[in-house]
Amino acid sequence: MALPKTETFTAANGTDLTTITGWVVNNGGFSINTNSLRSDTGGDHVAHWEGDGAFNNNQYAQALCVALVNGAYIGVAVRVHASADTYYGITWNLSTGAFFFKYVAGVYTEFGSSASFAVTDTGRLEASGTTITPKKNGSTTGAPTAVTDSAISSGYAGVGGAGDNVGSRIDDWEGGNLGGTTGDSFAAWIGKVNAQRANLLLRL
Amino acid sequence: MRFYILPIESIENGRGPKYFRWSKNPHGLPAEWQMMDYGLNPVALLASALSPEQHSSLMSHGDVFALPSDINQPLGKDLRRISSALESFGIPVWCHANDSIRTLVRMTCGVFQFAQHYHGLFVEPLLQDVRPTWGAMTGLARQKWLWAAERWGVGIIRLSGATPVRDILRTLSTAWCGSRILAGGFAL
């Protein structure tokens, strides 16, 4: 299936995400509950989709939040590494709302304070060049603030989570490539750098 | 909104701004914040709109430095004080007195972005002491820097053993000129 890829997580309760075609779990585990996705072991979780269709470096992932409790986080991820615990993510739970962060080889770094998030909200994360932008219901209003970050330049769209509780779940996941750019695309940015290259060499 | 330079604290496998509330430190300062990390170095540029009381509380810690709140003002007579403070965090400063705080923050962000890039490639911090020369670095470290710089889109040549590492970082930071940097919720 060409991108964007959509996933409705329609399967029997307890179905492991890895049994659904195209999904690869990097860390932890996810399963289906009530035709939606939950994280289902303790600790941190991330998985990505790598079926037909290639993700550009400029990509997005989004999902509808259908249930939230305290003690378990669920959300979306972009630029997920093929196997390592490396990605940009935004996950949600009931009391603290949205957390925006990156994982680099298993090391978690938080970008900012949490923002409100609730059941029936659609969360989205976009990576365009070095601009990483969270959105809530199609808008940056009410979402964590976008950041500039250079740690992760490519990968797959996916899902993220933490904790082991059936009460936090997402549905109607979608991952795809960005048609336009909201900041400097990686290619445009490299072009700018290369344009300055001669000058930079002279500086040394 | 004001910019601070402060330590990153590590709790379990997570990193967040020391003294602020974050997911692994629920007892920190309850304020909205946004952070740009210095790669895997335990230092961050943090933006927050604190109340005067919260600001005073934060500044009671000796390892926090607050940049002037008006980032469009020139560094002026504060240049030496600010440079000394940032250098103590391992952040090289090349600004002049007539440069603005905004310019200083942009250059700092450029260094941090390269450190993040380096972190993503090698899962290790940049040198925390930028005073040494290129020749004082190990052969493996030099290879990593050259490769990271090439991936960064900047060719580093004309290096000698006497080239200060801070000069290399300056070149890499300058590569950000013309690019948008988001910090603290707005474009610098």
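What you see is a predicted model; the values in this text were computed from it and never measured.

## Focus: the confidence of the model for chain B
Residues and elements named next belong to chain B. Averaged over all residues, the pLDDT of chain B equals 92, while 98% of them reach at least 70. Within chain B, the lowest mean pLDDT, 80, falls on strand β7 (residues 186–187), and the highest, 98, falls on strand β5 (residues 65–66). Taken over the whole predicted complex, pTM reads 0.91, whereas the ipTM for its chain interfaces reads 0.94.

## Looking at the confidence of the model for chain A
Residue and element names in this part refer to chain A. Across chain A, the average pLDDT comes to 89, with 87% of residues at 70 or higher. The secondary structure element of chain A with the lowest average pLDDT is helix α2 (residues 197–203), at 45, and the one with the highest is strand β5 (residues 59–67), at 98. Per-residue pLDDT stays below 50 along residues 180–186; that stretch engages in 24 contacts with residues further than four places along the chain or on separate chains. For residues 197–204, every residue scores under 50 in pLDDT, and the model assigns this stretch 23 contacts once sequence neighbours within four places are set aside.

## Some remarks on the pairing of strand β10 (residues 122–128) of chain A
All names here are of chain A. Counting buried positions along β10 gives 6 out of 7 residues, so the element sits mostly inside the fold. With 6 bridges connecting them, β5 and β10 associate as antiparallel partners. Among the inter-strand pairings, Gln-59 is bridged to a residue of β10, identified as Ala-127. Taken together, the 6 bridges between β10 and strand β11 (residues 131–136) define a ladder with antiparallel strand orientation. Within β11, the position partnered with Ser-128 by the bridge is Thr-131.

## Re the pairing of strand β8 (residues 97–104) of chain A
Residue and element names in this part refer to chain A. Most of β8 sits inside the fold, with 8 of its 8 residues counted as buried. Bridge count for strand β7 (residues 87–93) against β8 is 7 bridges, and the pairing is antiparallel. By the bridge assignment for β8, Ile-90 is matched with Phe-100. In this structure, the hairpin formed by β7 and β8 is closed by a connection of 3 residues. Where β8 meets strand β9 (residues 107–110), 4 bridges bridge the pair, whose relative direction is antiparallel. Paired with Phe-101 across the strands is Glu-110, a residue of β9. Between β8 and β9, which pair antiparallel and follow one another directly, the connecting turn spans 2 residues, one of which, Ala-105, has a positive phi of 50 degrees.

## Quick look at the pattern of salt bridges
Opposite charge on two side chains permits them to pair, given that their charged atoms come into close proximity. Scanning the model with the defined rule gives 12 salt bridges over all chains in all. Between B:Arg15 and B:Asp37 there is a salt bridge, with its nearest N and O atoms 3.4 Å apart. Highlighted residues: B:Arg15 in strand β2 (residues 14–17) and B:Asp37 in strand β3 (residues 34–38), separated in sequence by 22 residues. For the pair shown, B:Arg15 and B:Asp37 are each scored as buried. B:Arg81 is the salt-bridge partner of B:Asp78, the closest N and O atoms lying 3.8 Å from each other. Each of A:Lys102, A:Asp149, B:Arg15 and B:Asp37 takes part in one network of salt bridges that share partners.

What counts and what doesn't
Residues numbered from 1 in each chain as written. Chains lettered and ligands numbered in written order. Predicted model: local features only at pLDDT ≥ 70, side-chain atom pairs only at ≥ 80, totals over all residues. Heavy atoms only, no water. pLDDT = per-residue confidence, 0-100. Helix = DSSP H or I, 4+ residues; strand = E, 2+ residues; numbered from the N terminus. Contact = heavy atoms within 4.5 Å. Buried < 20%, exposed > 50% of the residue type's maximum accessible area, 1.4 Å probe, protein only. Pairing = 2+ DSSP bridges. Salt bridge = Lys/Arg side-chain N within 4 Å of Asp/Glu carboxyl O.

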